[in-house]
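Report on the structure
The chain contents come next:
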Amino acid sequence: MPTSLRRLTGRLAVVVLALTAVLVGPAAAQAATPAWPTIGAGMSGANVASAQFLLRHHGQTLTVDGAFSAGTTAATQAFQSANGLTADGVVGALTWSRLVVTLDPGANNNAVRALQTALNKYGYGLTVDGAWGAGTTDAVTDFKTGRGLTGGTTVGATTWQWLLGGGGGGGLYAPIIDRSVLPRSEYDDPHHDYPAIDLPTVTGVTTYAITAGTVGYAGGGCGNGIGITADDGAYYLYCHLSSRVVAAGARVTPGQVVGYTGATGNVTGPHLHLEIRVNGANRCPQQLLLAVYDGAAVPAPSALPATGCFY
Ligand SMILES: [Zn+2]
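Reading the values: the criteria
- Residues numbered from 1 in each chain as written.
- Predicted model: local features only at pLDDT ≥ 70, side-chain atom pairs only at ≥ 80, totals over all residues.
- Heavy atoms only, no water.
- Donors = N, O, S within 2.8 Å, 3.2 Å for Na, K, Ca; no water.
- Helix = DSSP H or I, 4+ residues; strand = E, 2+ residues; numbered from the N terminus.
- Buried < 20%, exposed > 50% of the residue type's maximum accessible area, 1.4 Å probe, protein only.
- Pairing = 2+ DSSP bridges.
- Expected span 1.5 Å × (residues − 1).
- Arc of directions from axis to C-beta.
- Contact = heavy atoms within 4.5 Å.
- Disulfide = S-S within 2.5 Å.
- Lys, Arg positive; Asp, Glu negative; His and termini not counted.
- Salt bridge = Lys/Arg side-chain N within 4 Å of Asp/Glu carboxyl O.
- Polar contact = N/O pair within 3.5 Å; in protein donor to acceptor, adjacent residues only side chain to side chain.

1. Some remarks on the coordination of the zinc ion
Each protein donor to the zinc ion is listed here as H191 (NE2), D198 (OD) and H273 (ND1); together their distances run 2.0 to 2.2 Å. Within one chain, the residues serving as donors to the zinc ion are arranged as H-x6-D-x74-H. Here H191, found in the loop between α7 (157-165) and β1 (197-199), pairs with H273, found in strand β9 (residues 272-278); they are 82 residues apart in sequence, far enough to count as distant. You'll find H191 and H273 in the same group, each marked buried.

2. Topic: the sheet that holds strand β6 (residues 243-244)
Strand order in the open sheet formed by 3 strands is β2-β8-β6, and the pairing between neighbours is antiparallel. The open sheet has two edge strands with one neighbour each: β2 (206-208) and β6. Examined bridge by bridge, β6 and strand β8 (residues 257-260) share 2 bridges and lie antiparallel to one another. Paired with R244 across the bridge in β8 is G259.

3. Observations regarding the pairing of strand β4 (residues 224-230)
Among the 7 residues of β4, 5 are classified as buried, and the element is accordingly described as predominantly covered. When strand β3 (residues 213-219) meets β4, the two strands line up antiparallel, connected through 6 bridges. Within the sheet, the bridge partner assigned to A218 lies in β4 and is I226. Linking β3 to β4, which pair antiparallel, is a turn of 4 residues; within it G221 sits at a positive phi near 110 degrees. With 5 bridges connecting them, β4 and strand β5 (residues 234-241) associate as antiparallel partners. Bridge pairing in β5 links T229 to Y235. The antiparallel pairing of β4 with β5 creates a hairpin that spans 3 residues between the two strands, and G233 there sits at a positive phi of about 95 degrees.

4. Some words on helix α3 (residues 70-82)
For α3, spanning 13 residues, the distance from its first C-alpha to its last is 18 Å, which sits close to the expected 18 Å at 1.5 Å a residue. Those residues of α3 lying buried are T72, T73, A75, T76, F79 and Q80. Buried residues of α3, viewed axially, fall in a sector of 165 degrees; they line one side. Exposed positions of α3 whose direction lies more than 90 degrees from the buried face are A70, S81 and A82. Looking at the buried side of α3, the elements it contacts are α2 (46-57) and α4 (93-99). One or two positions beyond α3, positive phi appears at G84, with a value near 70 degrees.

5. Quick word on the state of the cysteines
Applying the stated rule across the entire model yields 2 disulfides. Residue pairing for C222: its cysteine sulfur links by disulfide to C239, the two sulfurs lying 2.2 Å apart. Linking C222 and C239, the disulfide has an S-S dihedral of approximately -80 degrees and is accordingly described as left-handed. With C222 in the loop between β3 and β4 and C239 in strand β5, the pair connects residues that are 17 residues apart, well separated along the chain.

6. Describing the pairing of β9
Of all 7 residues that make up β9, 6 are buried, and the element is covered over most of its length. Sheet topology places β1 next to β9; 3 bridges connect them, and they run antiparallel. Paired with D198 across the two strands is H273, which belongs to β9. For β5 and β9, the ladder comprises 6 bridges, and the chain directions are antiparallel.

7. Brief notes about the environment of G216
By the element assignment, G216 lies in strand β3. C-alpha of G216 to C-alpha of A230: the two residues are 14 residues apart in sequence and 9.1 Å apart in space. Residues contacting G216, with those up to four places away along its chain left out, are G227, I228 and T229.

8. Some thoughts on the side chain of K144
Here K144 lies in helix α6 (residues 134-146). For the buried K144, which has no salt bridge, the nearest side chain bearing the opposite charge is D104, at an N-O separation of 7.7 Å. Within the structure, K144 has its side chain in polar contact with the backbone oxygen of T150 (distance 2.8 Å). From its side chain, K144 meets the backbone oxygen of T154 in a polar contact 2.6 Å long. Once you skip the residues sitting within four places of it in the chain, K144 turns out to touch L149, T150, G151, G152, T154 and T159.

Shown next, in the form of structure tokens:
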């Protein structure tokens, strides 16, 4: 390509980029602020860890592990009582509004740890050390700029709401069986033939809805099965249950009991078979289950791989 043409092509590219920025910018700024997440007993994820750090920031004593255990419920209730809120132990909009604090660069406390944990849901990879340095400033600037948020590098209530309410997962998911039932190493095992996972439990283990949704299927075909059409856009299929406690059409919330493990259908022994489908196609559940187990940011089901988890 001649130099003059190459220059022209370069200039055209700049013009196209500028036009794109003009066209995309206002739309991004007009997006609605996401709702505060609601988190409570049995749930896990980054938003739970952020709430735990914020409770500590306000003087509550509790473990920060990303799992909403009895200790977190008790600390939440104590915080709510001290702030004139209904002490239900559930962190919703009103409780978040009291928990979050306005932060600026240079701050060094547990609220910054909550902020760093929330930012990491968006892939910033910050060290959660509570010290707001250059890396945290860069992440906040990038996050706010991308959403048209004002106020410079200050993190106020609106930015908190964007951080905690968006990003997928992070508190909207619960373990499908109690974390004490199986070691972490069982959650990365490949499945035979196609994307799914078999969790080798005994019969009778309490099984929970992994996230909010509607029971779209409760029947045979894979033993006693339950299919949850989830609010995250995925379909979660549980198989081989010994019994079900929800019927088709029921709304379920994360951590709600849906049944008990078993050995019904075509099996050689008791286990919990789980599939995650997006637009009818199976995805590998392992990364999502491991994130829930770890209390880490849960990947969007549509971001899960479709290969590499079966033999
Ligand atoms: Zn299976």
